[in-house]
Amino acid sequence: MRALARRAAAGRRDRTLGAMSARSIPGSSGTVRPVRLWGDPVLREPAAEVTVFDAGLARLVEDMFATMYAADGVGLAAPQIGTALRVFVYDCPDDEELRHLGHVVNPRLVEAGGVTVTGSEGCLSLPGIDAATPRFDETVVEGVDVHGHPVRVAGTGFFARCLQHECVHLDGGLFTDRLTGLRKRRALRAARRAPWSQVR
Ligand SMILES: [Zn+2]
């Protein structure tokens, strides 16, 4: 998911970096890979469960962080770099500007609730396209990390939006699927007319 401009500029509290050594900064050993764009069939494939927890998986996560940071994203799913596996990464603020940083392998959206909030949302696979998109305000995702250890990630506000957005990617969905009516027509027309679009 793409960062909101006002959020990218805002100061963030940070509970993650202080505890990490320079060596463990996510993405620092990764390769920036091309982001697959709307119209690419890999974005519409349901991604496969990860069954092998090896160096290749760790490299994939590193490449995903490097690619997400290079593209000014707050979340990225593996199919967006052409790998149809159930993995996503995030470095995303919530509505209190608290930063959340991590990755989830084989994520399951185990809770999605609270009020439905319609807020601005964009995707690295549809550059320049934003639309007011309805999402639940509270989300819990469970899965494992690159070593196969269980993780549970709870989010509210903008971070809950991000977690839902990335889970949907792994089922071949896009945020534009959540839109209806005029809002949907406008977003898809803008995407078709975008300079990067392969879809006419
Ligand atoms: Zn996206």
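Residues numbered from 1 in each chain as written. Predicted model: local features only at pLDDT ≥ 70, side-chain atom pairs only at ≥ 80, totals over all residues.

Looking at an unreviewed UniProt entry, one finds the protein named Peptide deformylase and attributed to Streptantibioticus cattleyicolor. The annotation that UniProt attaches to the protein under Sequence similarities (unreviewed entry) is "Belongs to the polypeptide deformylase family." (UniProt positions renumbered as here; feature names shortened; annotations may be inferred.)

**Considerations on the nonpolar core**
The biggest cluster of nonpolar side chains holds 41 residues, and the ones touching the most others in it are M64, A78, F88, V89 and C162. Every element with two or more residues in this core is listed here: α2 (55-70), β1 (75-77), β2 (87-93), β3 (99-122), β4 (130-144), α3 (157-170) and α4 (181-193). Contact partners of F88, with chain neighbours within four places excluded, come to G75, L76, A77, A78, H103, V104, P107, E166, H169 and L170. (Core = buried A, V, L, I, M, F, W, Y, C linked by C-beta atoms within 7 Å. Buried ≥ 20, exposed ≤ 12 C-beta atoms within 10 Å, placed from the backbone. Helix = DSSP H or I, 4+ residues; strand = E, 2+ residues; numbered from the N terminus. Contact = placed C-beta atoms within 7 Å.)

**Description of the sheet that holds β3**
The strand order across the open sheet formed by 5 strands is β1-β2-β3-β4-β5, and the pairing between neighbours is antiparallel. The sheet terminates laterally at β1 and β5 (150-156), the two strands that pair on one side only. Between one strand axis and the next, the sheet turns through 30° on average, direction left out of account. Here α2 sits on the sheet and contacts β1, β2 and β3; the angle it forms with β2, its principal contact strand, is near 40°. Its contacts with the sheet put α3 on β1, β2, β3, β4 and β5, and the angle it makes with β4 is roughly 80°. (Pairing = 2+ DSSP bridges. Axes fitted to C-alpha atoms, helices over the stretch in contact; angles between N-to-C directions.)

**Brief notes about the UniProt feature "active site" (unreviewed entry) in the protein**
UniProt tags E166 as "active site" (unreviewed entry). Secondary-structure assignment places E166 in helix α3. When sequence neighbours within four positions are dropped, the list of residues in contact with E166 reads M1, G75, A77, F88 and Y90.

**Overview of the pairing of β3**
Pairing between β2 and β3: 7 bridges, direction antiparallel. What sits directly across from V89, in β3, is H103. Between the antiparallel neighbours β2 and β3 lie 5 residues, among them E97 with a positive phi of about 65°.

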